[in-house]
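The chain contents come next:
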Amino acid sequence: SFMFIDDCVEGSIRMLLSDCAVPLNLGTDEMIDMNHFARLAMSFEGKDLPIKNIPGPEGVRGRNSDNTMIKEKLGWAPSISLHDGIKATHAWIKEQIMAEAAAGHSTENFSSSEVVVQVTDTLDELRK
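Residues numbered from 1 in each chain as written. Predicted model: local features only at pLDDT ≥ 70, side-chain atom pairs only at ≥ 80, totals over all residues. Heavy atoms only, no water.

Chemist: How should I be thinking about the pattern of salt bridges in this particular structure?
Modeler: When the charged atoms of two side chains with opposite charge come close together, those side chains can pair. This structure, assessed with the given rule, holds two salt bridges. With a closest N to O distance of 2.9 Å, Glu10 and Arg14 form a salt bridge. In this pair, Glu10 and Arg14 are both assigned in helix α1 (residues 5–17), four residues apart and thus about one turn of the helix distant. Residue classification places Arg14 among the partly exposed residues on the basis of a relative accessible area of 33%. For Lys94, the salt bridge is made with Glu45, and the minimal N-O distance between the two is 3.0 Å. Here Glu45 lies in the loop between α2 (34–43) and α3 (68–74) and Lys94 lies in helix α4 (residues 82–102), a separation of 49 residues in the sequence. (Salt bridge = Lys/Arg side-chain N within 4 Å of Asp/Glu carboxyl O. Helix = DSSP H or I, 4+ residues; strand = E, 2+ residues; numbered from the N terminus. Buried < 20%, exposed > 50% of the residue type's maximum accessible area, 1.4 Å probe, protein only.)

In structure tokens:
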């Protein structure tokens, strides 16, 4: 599931310092699918761009975390909402891009993306 980095760091530290000996989920319990995630991210700039779903395996339809056990074992669960975490991340990214532009660097590459195909050739070499 998704979570803001501050919650991730705090949760990781709490787990490391605890005597809990079982695996725990660490994530937000808010359910979100990728289309909703994209619309949420666009909302911070007032954008309503078309979402293009590419062909391929669909995987999980949405993500969230069952935090029952982490609450029971650590008395804690992530508290930063997806909205607030994505909003803070958006503000930070925008600040970095503005700093690049102010320094005279091109920001053209920040406005596009490409589909990356995952390959395993470097991992395959490790087995030899």
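Chemist: What's the story with the packing of aromatic side chains in this structure? I'm lost.
Modeler: If you walk through the whole model with that rule in mind, you get one aromatic pair. Ring centres of Phe2 and Phe37 lie 4.8 Å apart, and the angle between their planes is 35 degrees; on these two criteria the pair is classed as tilted. Residue Phe2 is found in the segment before α1, and its partner Phe37 is found in helix α2; the two are separated by 35 residues along the sequence. Among the residues examined, Phe2 registers a relative accessible area of 25% and is labelled partly exposed. You can call Phe37 partly exposed: its relative accessible area is 22%. (Phe/Tyr/Trp six-rings, centres within 6.5 Å; stacked < 30°, edge-to-face > 60°.)

Chemist: Mind showing me how you'd approach the environment of Lys71 here?
Modeler: Along the chain, Lys71 turns up in helix α3. Placed 47 residues apart in sequence, Lys71 and Leu24 show a C-alpha to C-alpha distance of 9.6 Å. Setting aside residues up to four positions removed in sequence, Lys71 forms contacts with Asp29, Trp76 and Ala77. (Contact = heavy atoms within 4.5 Å.)

Chemist: Where do I start with the layout of surface pockets in this structure?
Modeler: Any space left empty among the atoms is revealed by the rolling of a water-sized probe across them. Each pocket or cavity is described by its volume, and for the largest pocket that value is around 680 Å³. Along the wall of the largest pocket there are 21 residues; nearest its centre are Met34, Asn35, Lys52, Asn53 and Ile54. When its residues are assigned to classes, the lining of the largest pocket shows twelve nonpolar, four polar and five charged. Roughly 580 Å³ of internal volume is contained in the second largest pocket. In terms of lining, the second largest pocket is formed by 15 residues, of which the most central are Ala41, His90, Ile93, Ile97 and Phe110. (1 Å grid on protein atoms, 1.4 Å probe; cavity = no way out; pocket = protein on both sides within 12 Å on 5 of 7 lines; lining within 4 Å. Points joined across faces, edges and corners; volume = space filled by probe spheres on them. Nonpolar A, V, L, I, M, F, W, Y, C, P; charged D, E, K, R; others polar.)

Chemist: Could you clarify how one ought to interpret the packing of α2 against α4 in this entry?
Modeler: Geometry of a packed helix pair, given as the angle between the helix axes and the separation of the axes. For the pair α2 and α4, interaxial distance at closest approach is 9 Å and the crossing angle is 55 degrees. Between α2 and α4, the crossing angle belongs to the class labelled oblique. Regarding α2 and α4, the two cross each other, and that crossing is right-handed. In contact with Phe37, Leu40 and Ala41 of α2, α4 contributes Leu82, His83 and Ile86. Counted by class, the contact of α2 with α4 contains five nonpolar, one polar and no charged residues. (Axes fitted to C-alpha atoms, helices over the stretch in contact; angles between N-to-C directions. Parallel < 35°, antiparallel > 145°, perpendicular 65-115°, else oblique. Left-handed = near helix turned anticlockwise from the far one by under 90°.)

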